[in-house]
Structures are given as C-alpha cells and as structure tokens.
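Chain by chain, the residues:
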Amino acid sequence: NFHGSKYTGSGNAGTCYNLPSSYNDRLSSGKAKSGYKCTVWSNASCSGNKYEFSNSPSFPSYINDHASSWKCVRS
C-alpha cells in the first residue's frame, strides 16, 4: 500500500540481495524502476516462496511481511 517505512534497494540487475535486518519480514508492497520487474522471496538468498511484480500496491498474503530477499531484472 506504499505506506510506512520505505526501503529503496539498489544493485546490479539479476543479482540476488538479502534485505537488511530492519526490513526482513516487513515489506507489504513494492514498485520496480521503470523497465524492470522484481521478485521477492520468503527466504534469504532468493529461495522459498516468491512473488514477481512491477508495481504492486499490496503483496499477496503468502509473501506480505514475509520477504527476506529480492532481485530485479530488465523486463
């Protein structure tokens, strides 16, 4: 819903990143940079349940407040 704390990830396209501990299991929405799509995973190192998005004002319940890692790629 794009409310609350904001985490802006930055990195190389196609590389997996673990969320900082202060954001682990706390994300509920996401927006990818124009021309990209991103995926969040429920576990570190881009493993476990995943959810892919470009602009998602609300993550589905299985990943809402359960994301631990992310990766973005050009769409």
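Refer to the structure above for everything that follows.
These remarks concern the structure in this document.

Calculation criteria
- Residues numbered from 1 in each chain as written.
- Predicted model: local features only at pLDDT ≥ 70, side-chain atom pairs only at ≥ 80, totals over all residues.
- Heavy atoms only, no water.
- Helix = DSSP H or I, 4+ residues; strand = E, 2+ residues; numbered from the N terminus.
- Buried < 20%, exposed > 50% of the residue type's maximum accessible area, 1.4 Å probe, protein only.
- Contact = heavy atoms within 4.5 Å.
- Polar contact = N/O pair within 3.5 Å; in protein donor to acceptor, adjacent residues only side chain to side chain.
- Core = buried A, V, L, I, M, F, W, Y, C linked by side-chain atoms within 4.5 Å.

What follows deals with the environment of Ser-69. Note on placement: Ser-69 falls in strand E6 (residues 69-74). Here Ser-69 falls in the buried class, since its relative accessible area comes to 0%. Each C-alpha atom, one on Ser-69 and one on Lys-31, is 15 Å from the other, the two residues being 38 residues apart in sequence. In this structure Ser-69 touches Cys-16, Tyr-17, Asn-18, Leu-19, Thr-39, Val-40, Trp-41, Asn-43, Ala-44, Ser-45, Cys-46 and Ser-47, once residues within four positions along its chain are discounted. From its side chain, Ser-69 meets the backbone oxygen of Asn-43 in a polar contact 2.6 Å long.

As for its placement among the helices and strands, Ser-42 is situated in strand E3 (residues 36-43). Owing to a relative accessible area of 16%, Ser-42 belongs among the buried residues under this scheme. If sequence neighbours within four positions are ignored, Ser-42 has contacts with Ser-47, Gly-48, Asn-49, Ile-63, His-66, Ala-67 and Ser-68.

Trans is the common state for peptide bonds, and a negative phi is the common state for residues other than glycine. A positive phi angle, near 60 degrees, is found at Ser-45, a position not held by glycine. Structurally, Ser-45 can be placed in the loop between E3 and strand E4 (47-53). With relative accessibility at 54%, the residue Ser-45 sits in the exposed group. Even without being glycine, Asp-65 reaches a positive phi, approximately 60 degrees. Along the polypeptide, Asp-65 turns up in the loop between strand E5 (55-56) and E6.

Leu-27, Val-40, Tyr-51, Phe-53, Phe-59, Ile-63 and Ala-67 are the most contacted members of the largest nonpolar core, which totals 14 residues. Elements with a minimum of two residues in this core: E3, E4 and E6. Per element, the largest residue contribution to this core is three residues, and it comes from E3. Residues within four places of Phe-59 in sequence aside, it is in contact with Leu-27, Ser-28, Ser-29, Gly-30, Val-40, Tyr-51, Phe-53 and Asn-64.

These results come straight from atomic positions and should not be treated as a statement about function.
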